[in-house]
Amino acid sequence: MSDLRELLTVRPGNARLADIDPRSTPGLPGKQAIGDDPKRWSQAQVATISEQLNAYQERLFASAKEGATNRRVLLLLQAMDCGGKDGTVRNVTQGMSPAGMKAVSFGPPDEEERRHDFLWRISRALPPAGHVGVFNRSHYEDVLVVRVHNLVDEGEWSRRYDQINAFEAEQAAAGLTIVKVMLHISKAEQKKRLLARLDDPSKHWKYNPGDLAERARWDDYQRAYEDAVNRCSTAAAPWYVVPADRKWYRNWAVATLLRDAFADIDPQYPAPDFDVAAERARLLAAD
Ligand code: AMP
Ligand code: MG
């Protein structure tokens, strides 16, 4: 495990969100490496990491050709409103081939989805073999918003932590690498970002008057998040809490976590199932 994963991973039962400063920057290299413009440093780092990610993505895609493996990777993002999910996705997947990606956002379940178990729509949205998936919200909403608003009774949501762990373990055993990230922002930072949305007409579409009612339940949400990351950080699919008030740190941290997950998989181009020299000779001999 790399240093950053060690630093940000949730050790089940031990994470206290109140003890994690959303403005902190765990694992950041020293000032000497970064210089005096951390934003610029982060941009350059993320650009470099993106190139690595793109190379990994291509090899993952190639390695799964014709069903050779069932390997796939899922970046799952959870955060309060304005937590930076969209921005993170944009930064971390810059340059990835859309053909090998599957990005899905989850809102309130529609009528058909409500007729099924909460994991039904999740299973269908998982990345196929060789693909990189991104979840903008996820099945964790079923123990977050659902719990905070009592959308189902406690008996039901409290069973879901174990159901989620079993589901994720099963998927991991079937070749899915899951990188679960909570973008941890402060209530003050959320206020700043909500105001910025209201002050920018091009961002009004992102604002929802209901966001203020959710904000009023901040402490309930923090408790629900804390339980979710503590109860569902497993060996098969650990949770990472990324301090996210500083966007440049957040982008660097998530890109690094994803890169490190890929490094473990280290997907390889498949060996050709034809004789390369013979094909070359054949091509040269032809018109
Ligand atoms: P946004 O990400 O801002 O587009 O908002 C999506 C909304 O969908 C959020 O308010 C979530 O809480 C809500 N949502 C997502 N999943 C569920 C779920 N399983 N049940 C109820 N609401 C959900
Ligand atoms: Mg919203």
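What counts as what
Residues numbered from 1 in each chain as written. Chains lettered and ligands numbered in written order. Predicted model: local features only at pLDDT ≥ 70, side-chain atom pairs only at ≥ 80, totals over all residues. Heavy atoms only, no water. Helix = DSSP H or I, 4+ residues; strand = E, 2+ residues; numbered from the N terminus. Contact = heavy atoms within 4.5 Å. Areas by Shrake-Rupley, 256 points an atom, 1.4 Å probe, with all protein chains shown as cover. Lys, Arg positive; Asp, Glu negative; His and termini not counted. Charge placed at Lys NZ, Arg CZ, Asp CG, Glu CD. Phe/Tyr/Trp six-rings, centres within 6.5 Å; stacked < 30°, edge-to-face > 60°. Buried < 20%, exposed > 50% of the residue type's maximum accessible area, 1.4 Å probe, protein only. Lys NZ or Arg CZ within 6 Å of the ring centre and 35° of its normal. Patch = residues over 30% accessible without salt bridge, like charges linked within 9 Å, V, L, I, M, F, W, Y side chains within 5 Å. Salt bridge = Lys/Arg side-chain N within 4 Å of Asp/Glu carboxyl O.

As recorded by an unreviewed UniProt entry, the protein chain carries the name PPK2 family polyphosphate kinase and is attributed to Actinoplanes sichuanensis.

Enquirer: What is the right way to read the overall build of the protein chain from this model?
Expert: What the protein chain contains, in helices and strands, is 13 helices and five strands. Based on the C-alpha atoms only, the size of the protein chain along its principal axes is roughly 75 × 55 × 40 Å. Long-range pairs, those at least 24 residues apart, make up 82% of the contacts in the protein chain between residues at least 6 apart in sequence. Here the protein chain displays about 14,800 Å² of accessible surface, and carbon together with sulfur accounts for 50% of that area. Of the charged side chains in the protein chain, 40 are positive and 41 negative; the average position of the first set lies 4 Å away from that of the second.

Enquirer: Is there a simple way to think about unusual backbone geometry in this case?
Expert: Negative phi characterises most residues that are not glycine, and trans characterises most peptide bonds. The phi angle at Asn150 is positive, at roughly 50 degrees, despite the residue not being glycine. Residue placement: Asn150 occurs in the loop between helix 7 (145-148) and helix 8 (154-173). The phi dihedral of Asp266 falls on the positive side, at around 45 degrees, and the residue is not glycine. Within the element layout of this structure, Asp266 appears in the loop between helix 12 (247-265) and helix 13 (276-285).

Enquirer: Help me out: how do you make sense of the packing of aromatic side chains in this one?
Expert: The tally for this structure, following the rule as stated, stands at six aromatic pairs. When the ring of Trp41 is compared with that of Trp252, the centres are 5.6 Å apart and the planes differ by 50 degrees; the resulting orientation is tilted. Of this pair, Trp41 sits in helix 3 (residues 38-63) while Trp252 is found in helix 12, placing the two residues 211 residues apart along the sequence. For the pair Trp41 and Trp252, a shared accessibility class is recorded, and that class is buried. Ring centres of Tyr249 and Trp252 lie 5.8 Å apart, and the angle between their planes is 55 degrees; on these two criteria the pair is classed as tilted. Within this pair, Tyr249 and its partner Trp252 are both found in helix 12, separated by three residues, close to a single helical turn. Each member of the pair Tyr249 and Trp252 is classed as buried. Clustering of aromatic rings is evident, with ring pairs tying together Trp41, Tyr249 and Trp252. In this structure, Arg160 is placed above the aromatic ring of Phe118, and the distance from its NZ or CZ to the ring centre is 4.5 Å.

Enquirer: Before we go on, may I ask you to explain a positive patch on the surface in this structure?
Expert: Together, Lys39, Arg90, Lys203 and Lys247 give the surface a local cluster of positive charge. Relative to the assigned elements, Arg90 resides in helix 4 (residues 85-92).

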